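Letter by letter, the chains look like this.
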Amino acid sequence: MTPTIVIVPGLGDSGPEHWQSLWTEKFGAARVQQDDPDRPTPAAWSQRLQEVIEATPGELVLVGHSCGVLNIVHWAALTGGHERVKGALLVGPTDADQAFAEYPAVAQMAPVPMQELPFPALVVASENDPFASFERAQAFAEAWDAEFISAGEAGHINIASGHGDWPDGEVLLGEALHAWTPPDIVRF
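Now for a description of the structure that goes with this document.

Thresholds, definitions, all that
Note that residues are indexed from 1 along each chain, following the sequence as it is written. Residue-level local features of this predicted model are given only where pLDDT is at least 70; pairs of side-chain atoms are given and counted only at 80 or more, and the full residue set underlies all totals for whole chains, interfaces and linings. Side-chain metrics rest on all non-hydrogen atoms present in the structure, leaving aside hydrogens and water. Numbered from the N terminus, helices here are DSSP runs of H or I no shorter than four residues, and strands are runs of E no shorter than two. Whether a residue is buried, partly exposed or exposed follows from its accessible area with a 1.4 Å probe, protein chains only, as a fraction of its type maximum: under 20%, in between, or over 50%, in that order. Any pair of residues with heavy atoms lying within 4.5 Å of one another is described as a contacting pair. For the accessible areas, the method is Shrake-Rupley and the probe is 1.4 Å, while residue cover comes only from the protein chains on display. A pair of aromatic rings is counted whenever rings of Phe, Tyr or Trp (Trp by its six-membered ring) have centres within 6.5 Å, and the orientation is called stacked for planes under 30 degrees apart, edge-to-face for over 60 and tilted otherwise. A pair of strands is labelled paired if DSSP reports no fewer than 2 bridges between them. Between Lys or Arg on one side and Asp or Glu on the other, a salt bridge is scored when a side-chain nitrogen of the former is within 4 Å of a carboxyl oxygen of the latter.

### Regarding the overall build of the protein chain
Looking only at helices and strands, the protein chain features five helices and six strands. Each helix and strand of the protein chain, placed in order from N terminus to C terminus, yields the pattern β-α-β-α-β-α-β-β-α-β-α. With the C-alpha coordinates of the protein chain rotated into their principal frame, the extents come out at 45 × 30 × 30 Å. Here the protein chain, with 188 residues, has 52% of them falling under the buried criterion. Taking all contacts inside the protein chain whose residues are at least 6 apart in sequence as the whole, residues at least 24 apart take part in 73%. Of the roughly 8500 Å² of accessible surface on the protein chain, a fraction of 51% belongs to carbon and sulfur atoms.

### Considerations on unusual backbone geometry
Phi is mostly negative for residues that are not glycine, and the peptide bonds are mostly trans. For the bond running from Ala110 to Pro111, omega is -5 degrees, close enough to zero to count as cis. On the secondary structure map, Pro111 appears in the loop between β4 (85-91) and β5 (121-125). One non-glycine residue, Asp145, lies in positive phi territory at about 55 degrees. By the secondary structure assignment, Asp145 is in the loop between α4 (134-144) and β6 (147-150). Within the chain, Ile157 stands out as a residue other than glycine whose phi angle is a positive 55 degrees. Structurally, Ile157 is set in the loop between β6 and α5 (167-180).

### Some details on the environment of Phe140
For Phe140, the location among the structural elements is in helix α4. The class for Phe140 is buried, based on a relative accessible area of 0%. Each residue touching Phe140, except ones within four places of it in the same chain, is listed here: Pro93, Thr94, Asp95, Val112 and Met114.

### Topic: the packing of aromatic side chains
Under the criterion given, the structure shown has eight aromatic pairs. Taken together, the ring pairs in this structure connect Trp19, Trp23, Phe27 and Trp166 into an aromatic cluster.

### Observations concerning the pairing of strand β1 (residues 4-8)
Of all five residues in β1, four are buried, a share of seventy percent or more. Sheet topology places β1 next to strand β3 (residues 60-65); five bridges connect them, and they run parallel. Within the sheet, the bridge partner assigned to Thr4 lies in β3 and is Leu60. Summarising the sheet, β1 and strand β2 (residues 30-31) pair through two bridges and their orientation is parallel. By the bridge assignment, Val6 is partnered in β2 with Ala30.

### A word on the pattern of salt bridges
Where side chains of opposite charge bring their charged atoms close, a pairing between them can arise. A full pass over the atoms with the stated rule returns seven salt bridges. Its salt-bridge partner being Glu170, residue Lys26 comes within 2.9 Å of it at the nearest N-O pair. Taken together, the residues span a long stretch of sequence, with Lys26 in helix α1 (residues 19-26) and Glu170 in helix α5 at a distance of 144 residues. One salt bridge connects Asp97 with Arg136, and the closest N-O pair in it is separated by 2.4 Å. Here Asp97 is found in the loop between β4 and β5, whereas its partner Arg136 is found in helix α4, with 39 residues between them in sequence. The exposure class of Arg136 is partly exposed, given its relative accessible area of 22%.

Below, the structure written as structure tokens:
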């Protein structure tokens, strides 16, 4: 059986035209919905992610964007992971250690955990992301023992940067699923 995708949105719950929302419907994915999607904290957001993991049967692949990436890495640091989580696609990680005047709530997710993840992961980063330098995203991937791919100059890989339906991301997700699951799994 193909793993269930668990969408882990960032601030504001990734609006209806965001690729994460489109993937939720397209792939029948589970989705983490925070009580307060505009005020992240490692403890509260990790608890909700854990609840969704426990409520979703079978093998899982986490797909995080922006503060959703921070949610995943904090959850992994706090819990040690979960045996059913087979991997994570981490897109546009936000650098919570950097102050953002526009989004001060992001600072609540600092410091960014810099330890190896207990599952394989792929970090997809933009070379001109306003919320994390390309070099910092590379440092995250190295610390998390994750594969790293450049999305080119793609902004924050969200609606504002022209990434609604993100077909290149679907290709990356398919490749990641292929790498993290047995060869007899049906792919999309």
